[in-house]
Amino acid sequence: MSDQENVTPTQTARRLEGRRALVTGANSGIGRAIALRLAQEGASVCINFVVNPQAADEVVNEIKAGGGKAFAAQADVTSEEQVDAMIGRAAGDFGGLDILVNNAGMETHHPFLEMPLDAWRKVIDVDLTGAFLCAQRAARLMVKNERGGAIVNITSVHQIIPWGGFAHYCAAKAGMDMMTKTIALELANQKVRVNSVAPGAIATPINRNVWSDPQGLKDLLRKIPSERMGQPEEIASVVAFLCSDEASYVTGAVLYADGGMALYPEFMHGG
Ligand code: BGC
């Protein structure tokens, strides 16, 4: 096999050897791909989940089968006690924490005039407050860490693109963006880098109702200049880069991985 043929998308460098990571919502979709990728690059990974323990165990087993270290930790990211217990366990089992990926998130559709307060609160709680809690507790450990740490927040193109029926989700994601930048600023001189990755339409269970419906998929693809949905692995590779020393001077940044969705697709052909 020539060197050229050897370079396949599944071949990864081991840029995270010896790092200790926690990925929230790591038993499905984008979180699962991130956990697998970090492990492939040499990190030990705590697989956070809230429901579906079997799916979390599958990720753990896949990592172990590849020679990596992982364990599953059930915790609701909105609960201070549960987050503290999980981070304590990750730091205890692994001997510290170098990487946090705030990926856990949810969305529900409610036209604004009908959005119940509890739906608003739930999404803000999971998507924004959960990320705050995990970031704060992880960062408290990272600032004491000799080699510092890296936090990556998974936001969305909807941190800048308004989305009808999802006022809570858009507000949470825009909030995560400013939270990312503000904590990046506060922690920059303590060797903790904080960045976000803003995915576009990635085919995962969260949006299955759209991509599994031919008309829904057609409407969606019109909004994506690359004319295809993304795969979870295409987010994971960006996250791995931001966690690695190759991004050692990158903090407070947002990296869009969206096939151009945030580029005003309607303007593609002039007119
Ligand atoms: C949402 C998906 C949606 C995508 C593009 C993401 O943040 O989770 O459901 O397909 O944005 O609109």
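Residues numbered from 1 in each chain as written. Predicted model: local features only at pLDDT ≥ 70, side-chain atom pairs only at ≥ 80, totals over all residues. Heavy atoms only, no water.

Side note on the site of the ligand
Then step 1. Around the ligand, the neighbouring residues are E107, S156, H158, W163, Y169, G200, A201, I206, N207 and M261.
Then step 2. Within the contact set of the ligand, an oxygen atom lies 2.5 Å away from a side-chain nitrogen or oxygen of E107.
Then step 3. Here Y169 contributes a side-chain N or O atom positioned 2.7 Å from an oxygen atom of the ligand.
Then step 4. Protein chains shield 90% of the accessible area of the ligand, which is 310 Å² for the free molecule.
Then step 5. A per-class count over the shell around the ligand returns 5 nonpolar, 4 polar and 1 charged. (Near = heavy atom within 4 Å. Polar contact = N/O pair within 3.5 Å; in protein donor to acceptor, adjacent residues only side chain to side chain. Areas by Shrake-Rupley, 256 points an atom, 1.4 Å probe, with all protein chains shown as cover. Nonpolar A, V, L, I, M, F, W, Y, C, P; charged D, E, K, R; others polar.)

Focus on the confidence of the model for the chain
Then step 1. Looking at the chain as a whole, its pLDDT mean stands at 95, while 96% of the residues score no less than 70.
Then step 2. Overall, residues 1-8 carries pLDDT values under 50, and its contacts beyond four positions in sequence, including any with other chains, amount to 2 contacts. (pLDDT = per-residue confidence, 0-100. Contact = heavy atoms within 4.5 Å.)

Side note on helix α6 (residues 167-187)
Then step 1. End to end, α6 covers 30 Å across 21 residues, agreeing with the expected 30 Å (1.5 Å per residue, within 8%).
Then step 2. Burial in α6 covers these residues: H168, Y169, C170, A172, K173, M176, D177, M179, T180, A184 and L187.
Then step 3. As for α6, its buried residues are in contact with β4 (99-102), α5 (117-142), β5 (149-154), β6 (192-199) and β7 (254-257). (Helix = DSSP H or I, 4+ residues; strand = E, 2+ residues; numbered from the N terminus. Expected span 1.5 Å × (residues − 1). Buried < 20%, exposed > 50% of the residue type's maximum accessible area, 1.4 Å probe, protein only.)

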